[in-house]
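Summary of the model geometry
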Amino acid sequence: MSNGLGLITILISLLAAPALPAERALTATHTSPYARFGCTDIEDVHWTKGFWADRFELCHKVMIPNMWQILADPNISHAYENLRIAAGLAQGRYRGPRWHDGDFYKWLEAAAYVYGQTKDRDLDQLMDQIIEVIAKAQRSDGYIHSPVVIAQRSGRSDAQEFKDRLDFETYNMGHLITCACIHYRATGKDNLLNVAIKAADYLYRVYKDSPEVLANNAICPSHYMGIVELYRTIQDPRYLELARGLIEIRSMVKDGTDDNQDRIPFYQQRRAVGHAVRANYLYAGAADVFVQTGDQRIMDALQAIWQDVTYSKIYVTGATGALYDGASPDGSSNHKAIQLVHQAYGRPYQLPNITAYNESCATIGFLMWAWRMWLITAEPQYMDWLEISLYNGVLSTISLDGKRFFYRNTLRQVDDLPFELRWSDKREPYISCFCCPPNIVRTIAEVSAYAYNVTPEGLWINLYGSNHLSTKLAEGSIIELDQHTDYPWDGRIRFTINKAPAHPVSIHLRIPGWAKGARVAINGRSSDRPVPGTYLMLKRSWSSGDRIELDLPIEPVLLQAHPFVEEARNQVAVRRGPVVYCLESVDLPKGITIHQVCLPADIRLKATFMPEMLDGVAVLDGRALALPAPQADGQLYRRMPTSKPRPVEIRLIPYYAWGNRGHSEMTVWIPVR
């Protein structure tokens, strides 16, 4: 009898469970007319062990609950409390930056994605609780923005929508809409999706009635991506009209700025300028619009801007936004045209090290842009850059314990600077501008979404890490495989086919641009020699038990910068596979500083995996040279000392792991001789 009741209970729970939508990917491009690929659903890829499995587990067990405690504590962040006040569930005034709602929605998106992979019931219940509050914080007309809603609740007559373009209303709503799409795909529930639909309908009405208002309120335009993703989710043609229109109406902006990329119409832009977060969000959103519309004017701009960035404005770590503050166009003969920019792209090759700004959100914006360019073009360069940004620019932001964060990401950390720089020089548990930490957490949660793509003819493998894949190809047949590897520390990658269609299927392996001498074998037999910077196509009828072996030669290489990058002239950076390395002062012999170390051009660096160090990393050991200690006596110039350098043993660690062993100095670029 008890077994029968148990079966009935299970059946009732299954019947009560919401139906999942047909497409459940992070970026739902299966029906997008100008996407070259479909994307895997949230539950299709599960990390099983190693690098990304460890980080996903930390995200689930530490990052998400830790950040919830921060966001829910009114004595720290006030983000959730703002929503509760806007909902009429608490008394008080708005506190925090105007984009605080968006910070909260980014964290909620991370929670939704993790739930989609883990089916963690506690997360599901927590999200339902939170969504009730968000729904109550929304006005009946769909408008939702805590600072204004709270002010209107208190009866302030000056509380108006879109009064100040720096209120970040559309930014917050954009993150809400994107979060709602992911939540719907992960859970099948439409409680947050209904909030997003009301918000999008509100934006659509503003677009139809007062397009210039919406054009002037597109600071850091996350709503471009959000509106496109909502269109993909429910196929309401108004949202496609709105997405297309959001690009068009940028030409309506009066007194536009380079800082917000609206001095000139988007279609005419060919260079990356201004605030790097706003820029990269714009470029990612515009790419989304192209995926749905095929407007060639958008791609003409994006491809030119991409080349401007990757040829002259991006760091070796995949980070962007070199300047704390600057001028644009810098050096113009027309002084009246020069404007202030901040957290910004600078001139070509203007890539300082000590004063590198590199806001974490800018790197994530670049990653989202790269992903969409890959979906559009199928050009491997975009996935190469995505991987570089992911392992270096993104991961460097967060501490190894998942609880502390950088806002800016320098490439050279030194003590006793004679000037002050904004933001802490160490990772902090809370930052007053809390936009980056939840952005990092959602990115780490969602890495599996970038690992594979599908087409009617087969499977594309983009990122390497031990995982299990079970997905449908674009024509509906199922393919399942297991990937086994210790990447990025080891270049040996093994795939075992568990299930495949009866007909021939192509499996495409990404061969990174740095992987010279890569080798591939199928069931022990060598295949064609792969070409770096391409995808190798393996087409055949696959059987259960078939094995693919990919060997990527991961060796340390010395990288030099373009000669116009003055702060890296006569210096090198070290990269091994996709991982950029750095020299940290805690690894130097006593009495030697990072200022003294010089690498011989023929240095031999030995890689050793250290499982107990920095949560498991491959370190690089070698013999370098120690120059005479520089004199800090106040003189600006002095005669060069004639004493010879002496040998010194050094150890390099992955850049993302620096700053996890107490106070230290650090450098990525090291003099070479």
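Note that the structure is a prediction, hence the values are computed from the model and not measured. (Residues numbered from 1 in each chain as written. Predicted model: local features only at pLDDT ≥ 70, side-chain atom pairs only at ≥ 80, totals over all residues. Heavy atoms only, no water.)

Let's talk about the overall build of the protein
Counting its regular elements, the protein contains 16 helices and 25 strands. Projected onto the principal axes, the alpha-carbon positions of the protein cover approximately 80 × 65 × 50 Å. For the protein, the proportion of contacts with a sequence separation of at least 24, taken over those separated by at least 6, is 71%. Carbon and sulfur atoms make up 51% of the accessible area of the protein, which totals about 26800 Å². The average position of the 71 basic charges and that of the 73 acidic charges among the side chains of the protein differ by 4 Å. (Helix = DSSP H or I, 4+ residues; strand = E, 2+ residues; numbered from the N terminus. Contact = heavy atoms within 4.5 Å. Areas by Shrake-Rupley, 256 points an atom, 1.4 Å probe, with all protein chains shown as cover. Lys, Arg positive; Asp, Glu negative; His and termini not counted. Charge placed at Lys NZ, Arg CZ, Asp CG, Glu CD.)

A few points about the sheet that holds strand S1 (residues 38–39)
With respect to topology, five strands assemble into an open sheet ordered S1-S7-S8-S12-S15, the strand pairing being mixed. Here the strands that pair on one side only, and so sit at the sheet edges, are S1 and strand S15 (534–540). In this structure, strand S8 (residues 458–461) lies alongside strand S12 (residues 505–511), joined through four bridges in parallel fashion. Looking across to S12, one finds that isoleucine 461 is bridged to leucine 509. Lying over the sheet, helix H14 (residues 360–377) contacts S1, strand S7 (452–455), S8 and S15, oriented at roughly 25 degrees with respect to S7. (Pairing = 2+ DSSP bridges. Axes fitted to C-alpha atoms, helices over the stretch in contact; angles between N-to-C directions.)

Things to note about the packing of aromatic side chains
As enumerated under the stated definition, the model contains 43 aromatic pairs in all. The interplanar angle of 65 degrees and the centroid separation of 6.1 Å between the aromatic rings of tryptophan 374 and tryptophan 460 together place this pair among those described as edge-to-face. Here tryptophan 374 is found in helix H14, whereas its partner tryptophan 460 is found in strand S8, with 86 residues between them in sequence. A relative accessible area of 0% places tryptophan 374 in the buried class. Note on tryptophan 374 and tyrosine 535: the rings are 4.9 Å apart at their centroids and 15 degrees apart in plane angle, and the pair reads as stacked. In this pair, tryptophan 374 is assigned in helix H14 and tyrosine 535 in strand S15, connecting sequence segments 161 residues apart. The exposure class of tyrosine 535 is buried, given its relative accessible area of 13%. The residue whose ring lies beneath arginine 55 is phenylalanine 51, and the NZ or CZ to ring-centre distance is 3.6 Å. Directly above the ring of tyrosine 267 sits arginine 297, whose terminal nitrogen or CZ lies 3.9 Å from the centroid. (Phe/Tyr/Trp six-rings, centres within 6.5 Å; stacked < 30°, edge-to-face > 60°. Buried < 20%, exposed > 50% of the residue type's maximum accessible area, 1.4 Å probe, protein only. Lys NZ or Arg CZ within 6 Å of the ring centre and 35° of its normal.)

Side note on the pattern of salt bridges
For the coordinates displayed, the defined rule picks out 37 salt bridges. Between arginine 492 and aspartate 490 there is a salt bridge, with its nearest N and O atoms 2.8 Å apart. The exposure class assigned to aspartate 490 is partly exposed, which follows from its relative accessible area of 21%. A single salt-bridge network, built from bridges that share partners, covers Arg185, Glu229, Arg232, Asp288 and Arg372. (Salt bridge = Lys/Arg side-chain N within 4 Å of Asp/Glu carboxyl O.)

Re the pairing of strand S18 (residues 571–576)
Of all six residues that make up S18, six are buried, and the element is covered over most of its length. With burial as the criterion, each face of S18 is covered, one bearing Gln571, Ala573 and Arg575 and the other bearing Val572, Val574 and Arg576. Across four bridges, strand S17 (residues 556–559) lies against S18 in antiparallel orientation. The residue bridging valine 557 from the neighbouring strand is arginine 575, located in S18. In this structure, the hairpin formed by S18 and strand S19 (residues 579–584) is closed by a connection of two residues, where glycine 577 is found at a positive phi of approximately 60 degrees.

Description of the confidence of the model for the protein
Confidence in the prediction of the protein, expressed as mean pLDDT, is 94, and 97% of residues score 70 or more. The low-confidence segment residues 9–15, where pLDDT is below 50, has zero contacts with residues more than four positions distant or belonging to other chains. (pLDDT = per-residue confidence, 0-100.)

Regarding the nonpolar core
Of all hydrophobic cores here, the largest spans 238 residues; its most connected members are Trp107 and Leu509. A per-element tally of this core places H14 first, with 13 residues. Setting aside chain neighbours within four positions, we find leucine 509 in contact with Ile461, Tyr464, Phe495, Val520, Thr534, Tyr535, Leu536, Leu538, Ile548 and Leu550. (Core = buried A, V, L, I, M, F, W, Y, C linked by side-chain atoms within 4.5 Å.)

Looking at the packing of helix H4 (residues 100–118) against helix H5 (residues 121–137)
Contact geometry for H4 and H5: axes closest at 10 Å, N-to-C directions at 145 degrees. With respect to the hand of their crossing, H4 and H5 are arranged in left-handed fashion. Here Phe104, Tyr105, Trp107, Leu108, Ala111, Ala112, Val114 and Tyr115 of H4 lie close against H5, whose contacting residues are Leu123, Asp124, Leu126, Met127, Ile130 and Ile134. Tallied by class, residues from the contact of H4 with H5 come to 13 nonpolar, no polar and one charged. (Left-handed = near helix turned anticlockwise from the far one by under 90°. Nonpolar A, V, L, I, M, F, W, Y, C, P; charged D, E, K, R; others polar.)

Here's the deal with the sheet that holds strand S11 (residues 492–499)
Taken in spatial order, the seven strands make up an open sheet running S2-S9-S10-S11-S16-S13-S14, and their pairing is antiparallel. Each of the sheet's edge strands pairs with one partner strand only, and the pair in question is strand S2 (45–47) and strand S14 (525–526). Relative to strand S16 (residues 547–551), S11 runs antiparallel, the two sharing five bridges. Directly across from arginine 494, in S16, lies its bridge partner glutamate 549.

Details of the side chain of arginine 232
Mapped onto the elements, arginine 232 comes out in helix H10 (residues 222–234). The exposure class of arginine 232 is buried, given its relative accessible area of 7%. There is a polar contact of 3.5 Å between the side chain of arginine 232 and the side chain of serine 32. When near neighbours in sequence (up to four residues on either side) are disregarded, arginine 232 contacts Thr27, Ala28, Thr29, Ser32, Arg185, Asp288, Val291 and Gln292. (Polar contact = N/O pair within 3.5 Å; in protein donor to acceptor, adjacent residues only side chain to side chain.)

Structural notes on the environment of valine 586
Examined against the element boundaries, valine 586 turns out to sit in the loop between S19 and strand S20 (597–598). Given a relative accessible area of 36%, valine 586 falls into the partly exposed group. A C-alpha to C-alpha distance of 52 Å links valine 586 and glycine 88, two positions 498 residues apart in sequence.

Quick notes on the packing of H5 against helix H8 (residues 191–209)
Remark: H5 packs on H8, axes separated minimally by 9 Å, with the N-to-C direction vectors making an angle of 25 degrees. Relative to H8, H5 is oriented roughly parallel. Judged by the twist between their axes, the crossing of H5 over H8 is left-handed. Every residue of H8 that contacts H5 at Asp128, Ile131, Ile134 and Ala135 is listed here: Asn191, Leu192 and Val195. (Parallel < 35°, antiparallel > 145°, perpendicular 65-115°, else oblique.)

Brief notes about helix H7 (residues 169–187)
Under the 1.5 Å per step criterion, the end-to-end length of H7 is 27 Å for 19 residues, consistent within 8% with the ideal 27 Å. Counting buried residues along H7, 19 of its 19 residues qualify, which places the element largely inside the surrounding structure. (Expected span 1.5 Å × (residues − 1).)

Describing the side chain of glutamine 117
In this structure, glutamine 117 sits in helix H4. Of note is the side chain of glutamine 117, whose polar atom sits 2.5 Å from the backbone oxygen of valine 45. A distance of 3.4 Å separates polar atoms of two side chains, one belonging to glutamine 117 and the other to serine 448. Among all residues touching glutamine 117, those that are not within four sequence positions of it are Ile42, Val45, His46, Phe56 and Ser448.

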